[in-house]
Structures are given as structure tokens and as C-alpha cells.
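# Structural overview for review
Listed below, chain by chain, are the residues.
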Amino acid sequence: MESKIAETNARIDVADVLRGLAVMGIILLHSIEHFNFYSFPEEVPFEWMKFTDQAIWRGLFFTFSNKAYAVFALLFGFSFYIQDNNQQRRGKDFRLRFLWRLFILFIIGQFNAAFFTGEILTMYAILGIILPIFCRMSDRTVAIFATLLILQPIDWAKLIYALCNPDYVAGKSLAGYYFSIAFDVQKHGNFLETVRMNMWEGQMANMTWALEHGRILQTPGLFLFGMLVGRRKYFLYSEQNERLWLKALAISLLCFFPIYGLNNMLPEFIERSAVLVPLQLILSSFSSLSFMVLLVTGLLLTFYRVKDRSFFMRFTSYGKMSLTNYLGQSIFGSLLFYHWGFELGRYLGITYSFLFGILFVLLQMVFCSWWLRHHKHGPFEGLWKRLTWIGKNK
């Protein structure tokens, strides 16, 4: 019994570390983006900041863009498996309760969307329905379907259609249309105007962007792979898993660099946007997923090999309170950067915004450590759990 508890704690610890690092990456990216409000000072205070601005922007996007979110999605599926498996061992079926849990997440997502146009909880609540549908199917069936989703079939269809129809010209971006409306309100609107915009145009901007950039299919695919990671106990240390992680690390390294390089070369050889756009999206999706696998396997191998895990364990409390931290960044980010608040984007360039992001993450980490010394769950995590099980004994 003790060994079972130790195994469960080990895989949950490493999942919390991964989740904490992913949320940190997301918040740092949102900080330099001014929380989807791309308004920056016209001039930098020091000449050397032109270099640091570019280095930070490109470095953070290279490391975290489309990777941190992918880790977060993977762990969403993993968390579902943990909860579902715990209930199965008690002889209970978690699937209907999980659908109720998704409905609560949708409500929380609507609260978050009132502040931030880039919120993902609403999309998770909708797409998460795939988990109870597939959770009783075989590993093989789940893996095949998840792979089909990851392969971006919609963009392959767009690419083939464009190749078969030389005169075809793709329409304008819907996401661009909605984001332009959002930007104008973020720049000039008061709080109520910003909330009203976020509840419709902001969410439409977010959803259409996800559709146009492949996340609508990729996200549920990652959910399913996360569930498989839990089923196969890949987050537990064993010699067999270590060999698997090493193979995954080698394959991701071999895949990432040529795909990333090819994707950057394409504009030099393909001028037609109807062909270039879907092809680049497919390749960038594959390169981002390869880099995500590289990050995850690299962390897993390091986590289980080092004797002193104290540095990594500092991120466990941050990961355990990922929902609270995510909601916090939306509320305070909009307050600090949008027109209805302090509109700091007029004064903070990319370098200063990056330093702000680091400070914000550190303050959140201190708060998380303090809170979890006195409570079992974070504020919103505890609320979500209580509402999930309302009216029923676990």
C-alpha cells in the first residue's frame, strides 16, 4: 500500500512540476505580449534595449510558444485519468461527474474571459468532452484517434484543395477581424466596455484563432495522449520508461531541427499564400510538438536522475495552483496593461515587461507556497473540487 502511494505521489509530483513550468512559460509570454494587447512604447529608453527586446521576444516564443500550452493540454488529460482511475478503484463511474466538472470549468472560463481575450478554459471545457467518450476504449484506438487529430487533417485538406485548384484564394482571417475590434476596446474602452467586448468579440477572436492555427483538433489529441501517459504510467521511473524517454528525446531532436528549418525556408520558395499558410501551420505544429516532447522528456530524465530535487520541487506548489495562477494573471494583467486599468503598455517595452513577468511569477510562487502551508488546495482549485462533488460523497 505504501509503495502504491509513493508511486502515485512521484508521478503527481513530476506532473505538478511540468504544470508549474508550463504556466510560468505561458505567463511570461503573456507578459511580453501585454496580455494580447500589442501596444508598446514608440521609443526604448536605452539603445541596448533594442537588442534585449528582440532577444527576449524571440527567445521566449522559441522556447514556450505552442509548447507550454501543449504541456498544459497533455496534463489536462493526465489529470482526468488520475481522477477517473481513483473512482474506478472505488467501484464508481466518473464520466458523468466529469461532464459536470467541465460545465463548472466553462463557467470559470466565462469569468476569466471577461478579463482576457486569450483565455483557454472555455475551450478546454468544450473539447474536454472527448475524454469520457474515449476513456473506456483500448490504448490502440485512443492512440490512433489522437494521432489523427495531431496530424492537422483540416489543414491537410486546405493544402490539397489549394493544390488542386490553382485559382483558389483563401479568405481573410476571422481572428484578425475580431482581434482588431478587441484591440480598439483595449486601447480606449472603460472596464464595462472591455468586459462586454471580451464576452463576445474577445472569445470569438480566441476561438477563431484556435481554429485557424490548428488548436481545435490538436488540443483534444493532446488530451487523449495525456490520458494514455497516465494509463501506461509513463511518469513513473523505471528502466523501461527511461529507455522510452531516451528514444523519445532522440526522435524529437531528430525531428525538430529539420522541420523547423524547412518551415523557415518555405516563404523563399512558395509565394502562393493558399498553399504556404496551411503547409507552414502543419510544419510549425509538428516542430512545436517535437520541441514539447524534447522539453518533457528532458525534464523527466533530469527529475528522476538528480539526487537533489529541491529546485524542481519549488514548482510543485505553483503547479498545484495552476488554475488560480492562470486566473490571477488574467485579472491583474488586464488591470495593469489595458486602458481601463493602468495601461502600463505605454511605458513598458518588451525587456521591462519580461522583468515584470518574472516578478509576477515569483510573487505568485511565494503566495502559492504560503497558501498551501495552510490549505490543501488553491482557492479556485478548492472551489472547483467542492462544486464538482456537490451533492455526492466521493
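Given the structure is predicted, the values throughout are model-derived calculations rather than measurements. (Residues numbered from 1 in each chain as written. Predicted model: local features only at pLDDT ≥ 70, side-chain atom pairs only at ≥ 80, totals over all residues. Heavy atoms only, no water.)

## A short note on the overall build of the chain
Looking only at helices and strands, the chain has 18 helices and 0 strands in total. A buried classification covers 50% of the 394 residues belonging to the chain. Considering only contacts in the chain between residues 6 or more positions apart, those separated by 24 or more positions represent 83%. Just so you have it, the chain exposes about 19700 Å², and 66% of that area is on carbon and sulfur atoms. Across the chain, the mean location of the 37 positive side-chain charges is 13 Å away from that of the 26 negative side-chain charges. (Helix = DSSP H or I, 4+ residues; strand = E, 2+ residues; numbered from the N terminus. Buried < 20%, exposed > 50% of the residue type's maximum accessible area, 1.4 Å probe, protein only. Contact = heavy atoms within 4.5 Å. Areas by Shrake-Rupley, 256 points an atom, 1.4 Å probe, with all protein chains shown as cover. Lys, Arg positive; Asp, Glu negative; His and termini not counted. Charge placed at Lys NZ, Arg CZ, Asp CG, Glu CD.)

## Observations regarding the UniProt feature "transmembrane region" (unreviewed entry) in the chain
As annotated by UniProt and renumbered to match this structure, "transmembrane region" (unreviewed entry) occupies residues 21–40, 60–82, 98–117, 244–262, 282–303, 323–341 and 347–372. Overall, residues 282–303 shows 100% helix and 0% strand. The separation of its end C-alpha atoms is 31 Å. Along residues 347–372 the backbone is 88% helical and 0% strand, and the end-to-end C-alpha distance reaches 35 Å. (UniProt positions renumbered as here; feature names shortened; annotations may be inferred.)

## Brief notes about the pattern of salt bridges
For the coordinates displayed, the defined rule picks out 10 salt bridges. Two residues, Arg136 and Asp84, come together in a salt bridge whose shortest N-O distance is 2.7 Å. With Arg136 in the loop between α6 (130–134) and α7 (139–150) and Asp84 in helix α3 (residues 68–89), this pair connects stretches of sequence that are 52 residues apart. For Arg136, a relative accessible area of 34% puts it in the partly exposed group. The class for Asp84 is buried, based on a relative accessible area of 3%. (Salt bridge = Lys/Arg side-chain N within 4 Å of Asp/Glu carboxyl O.)

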